[in-house]
Amino acid sequence: MLSRVADSIFWMSRYIERAENVARYIDVNFNITLGAESDNPLQWAPLVYTTGDHELFKELYGEGERDSVLRFLAFDDRNPNSILSSVNAARENARTARDSITAPMWEQINRFYLMVQSVAKSGAALHDPNEFCDAVKLNSHALVGHTYTTMSHGEAWHFSRVGRLLERADKTSRILDVQYYHLLPSINDVGSALDLVRWNALLRSTSALTMYRRVHGRIVPDRVADFLILDRDFPRSMRFCVMRAQDSVSEITGSRPGTFTCRTEQLAGRLRSEMDYTAIEDVIREGLHEYIDRFQLLLNGIGEALQADFLSPADHTKTPILQSQRQA
Amino acid sequence: MQYQAQGFDETFTSEGQPRPACEEFYRRLQMIGPDELGRRQQAAELQFRNAGITFNVYGHEDGVEKVWPFDIMPRVLDGAEWSSIEAGLRQRVMALNLFIDDVYNERRIIKDGVVPEELLRTSKTYRPEMEGFSPTHKAWCHVNGVDLVRDKDGQIYVLEDNLRCPSGVSYVLENREVMKRSFSQVFHGVSIAPVEEYPEKLLQTLQSVAPPSAHQPLAVVLTPGVYNSAYFEHTFLAQQMGVQLVQGSDLAVVDNVVFLRTTHGLHRVDVIYRRIDDDFLDPECFRKDSCLGVAGLMRAYRAGNVALANAPGTGVADDKAVYAYVPQIIKYYLDEEPILNNVPTYLCGDPQQRDHVLANLDKLVVKPTNESGGYGILMGPQATDEQRAAYVDLIRSNPRNYIAQPMLQLSTVPTLIGDRLEPRHVDLRPFVLAGEEVYVMPGGLTRVALNAGSMVVNSSQGGGSKDTWVLRN
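Rules used in this analysis
Residues numbered from 1 in each chain as written. Chains lettered and ligands numbered in written order. Predicted model: local features only at pLDDT ≥ 70, side-chain atom pairs only at ≥ 80, totals over all residues. Heavy atoms only, no water. Helix = DSSP H or I, 4+ residues; strand = E, 2+ residues; numbered from the N terminus. Buried < 20%, exposed > 50% of the residue type's maximum accessible area, 1.4 Å probe, protein only. Contact = heavy atoms within 4.5 Å. Areas by Shrake-Rupley, 256 points an atom, 1.4 Å probe, with all protein chains shown as cover. Domains from an automatic or database assignment. Buried area = accessible area lost by both parts, 1.4 Å probe. Salt bridge = Lys/Arg side-chain N within 4 Å of Asp/Glu carboxyl O. Polar contact = N/O pair within 3.5 Å; in protein donor to acceptor, adjacent residues only side chain to side chain. Pairing = 2+ DSSP bridges. Axes fitted to C-alpha atoms, helices over the stretch in contact; angles between N-to-C directions.

Thoughts on the overall build of chain A
Along the backbone of chain A there are 15 helices and zero strands. Looking at chain A as a whole, 56% of its 328 residues qualify as buried. Intrachain contacts of chain A at a sequence separation of at least 6 include 66% that bridge at least 24 residues. Accessible surface, chain A: about 14400 Å² in total, of which carbon and sulfur atoms supply 51%.

Brief notes about the domain arrangement of chain A
Residues and elements named next belong to chain A. The assigned domain composition of chain A is domain 1 (1-151) and domain 2 (164-311). A straight line from the C-alpha centre of domain 1 to that of domain 2 covers 21 Å. Across the boundary between the two partners, domain 1 contributes 24 residues, which contact 21 residues of domain 2. Contact between domain 1 and domain 2 buries roughly 2200 Å² in total, counting both sides, with carbon and sulfur atoms accounting for 55%. Of all residues in domain 1, the largest losses of buried area upon contact with domain 2 belong to Arg 14, Glu 17 and Arg 24, amounting jointly to 24% of the total for that side.

As for the domain arrangement of chain B
As far as domains go, chain B holds domain 1 (20-83 + 149-197 + 410-470), domain 2 (212-305) and domain 3 (344-406). On a C-alpha basis, the centres of domain 2 of chain B and domain 3 of chain B stand 37 Å from each other.

Brief notes about the interface of chain B and chain A
How large an interface is tends to be reported as the accessible area lost when its parts come together. At the junction of the two partners, chain B supplies 31 residues and chain A supplies 34 residues. Roughly 2800 Å² of surface becomes buried between chain B and chain A when both sides are summed, with 47% attributable to carbon and sulfur atoms. If you sort the residues of chain B by the area they bury against chain A, Asn50(B), Thr263(B) and His264(B) come out on top, with a joint share of 26%. Counting every contact that joins chain B to chain A gives one salt bridge. Where chain B packs against chain A, one counts 19 residue pairs in polar contact (both at pLDDT 80 or more). If you tally residues by element for the side of chain B that touches chain A, the top one is helix H8 (residues 231-241) of chain B, at five residues.

Some thoughts on the sheet that holds strand E9 (residues 257-262) of chain B
Residue and element names in this part refer to chain B. The sheet built from three strands is open, its strands ordered E8-E9-E10 with antiparallel pairing. Both outer strands of the open sheet, strand E8 (251-254) and strand E10 (265-268), are each paired with one neighbouring strand and no more. The mean angle between the axes of side-by-side strands here comes to 40°, regardless of whether they run parallel or antiparallel. Direction of pairing for E9 relative to E10: antiparallel, over a ladder of four bridges. Considered in E10, the bridge of Arg 261 is made with Leu 266.

Now the structure itself:
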């Protein structure tokens, strides 16, 4: 497929996943604040750290309080990672690849875009963000569903999946990093009295509560970290995302298992096997924050390699012409 | 139903009776109340909006994309009348193809004194680069949009030929699709010629003009990008044909062969349906500052390694001054009388005709010979004295660049305005494909001027559109 189109489809999915994750953060945080004794302004600031845009936020709004955080994360078009900006960018990418995605996919993205535009205009969501966040999640899931069921599971589909999974792995790791720090400044605090409401919220912001309970039962901090980092089957865990992303890269290149033909494959395979053979005790020994920091660097490396290998390859006209670069 | 047509109405006679072709449709329409009509109209608009069926308008601040304006009342054409229009279109396009091939090669028509050499020498769209070249099947204009209007006398006239990158066909298909979904009641029991074959016929046409060496020709659609006014159409056609939509930067020319840049290296391309004007096609050959095109494309083309549709240089035949000669062109190459008439046209490049134009500016429509989209037109009878005076200067300073035609009174079709039907002026753009064979899509794009009394139907200037039915009878 065209490199440019692969690039658009990759980013289209990535931006949609980004919008969905921001909606999850807002939604869960809003629910925590309901019923709290006072509206603690500190409650909203960590959200901006979770998306990694705290510096821009400070520049635009100064101190974090509920309304400005909500506005910044949901509807501010000066924030390139707001829900509004992400959905706009996703639609623009979809528009440039409109001939390569299916009609139901395009229509879903377009409806999503129209919904966000209209809510942003009305301003109502700032007072009651639940309904809006639900709509964002549903729209995102509808797109994933349309993509799964109407697009051939070929190269374009795999690029779309890689985009979504890299974004999701990044967001799960960020939320874990920030919220964990917030809840448990040192892992040695394990065993101290748990703020169960907030631990619940952490699991719910990754929609992991039900599945976590099923696997581990009671909420225990290092089991939560284990679940969100290393669980093999939970679709929002960091390891699951890396595993499936690596599968897709292999499908794209056609390499045999255990081999690689490009940098992307090498880096993705390496991270995957490292995670395959890591236990939560190793993570805690390294330090949760340090582990996540390193994970994010490796993940970025995969994203950069993918960009270089497939999406904006160096001028092909200087390399020999191949019908395919696959190797047996 | 209260409906008062003035001039020629496509649906009703001057006595207010439905025309024979519209009887069945009218009978069905009467069973539907005005409320229901309004609801159907809204449902249709919502579909266009949700599906993101848009066009881009340059220079608008509130976003460049506009939802395609659509009116739910169809325009109905009688099957027998259509047969004769179809024959006329076929004849016209065949003659124009012969003309272009002759102009760049033997120039018999000039040597025989039928078309003055001066006219071609001064044509902005004439491409000396194409001299001595003939594309496969000598087909130059593979995709044509011919603008037709019906005057108050009930006669159909050709208003202009669009041979370079005519747009609008995607909306014909979408109009029909949305109409079927939102207004299905009126379709039952009416037999309408299908338009849905078009993408298949377009692909056939493109593949039929591929270089003979290509066994399974790979065709692509070349777009200037998302900001082009017809970007929706480019994606639509690529998707419907199942071919890739590419931008200039997706293509590379190596050793006079055109390739796609893909995630797995370079792939050879055989046919390019380009929606970029000649000027921007290849910076090596035409405009040096173009970043939309592909360097070396024309070398590959001239070497016979890739087909371009429409062929570069085709624009010479839709110069509006050349248009005036089309009846002679048909007669010269086909030895037939034109089936479709031109609108009487005065060439300002001719001193006598120019004098007539300057003396009658208040009765004539003046058009630049190489604009499209309704830009640069003077509607003499509706213009102010200052506007007319400005055109006197324009015409005197560059007479070759202007033609003039009498003001036509375009026919009307009932159109839903608020909750009632009112007459609005329409034109019709049928689409004709020409490769190894000629195909005429039944009907075409009916554009409607939504403002009362207005004759300006261009969507860039506030026009709308209607589904066009060719009845099979």
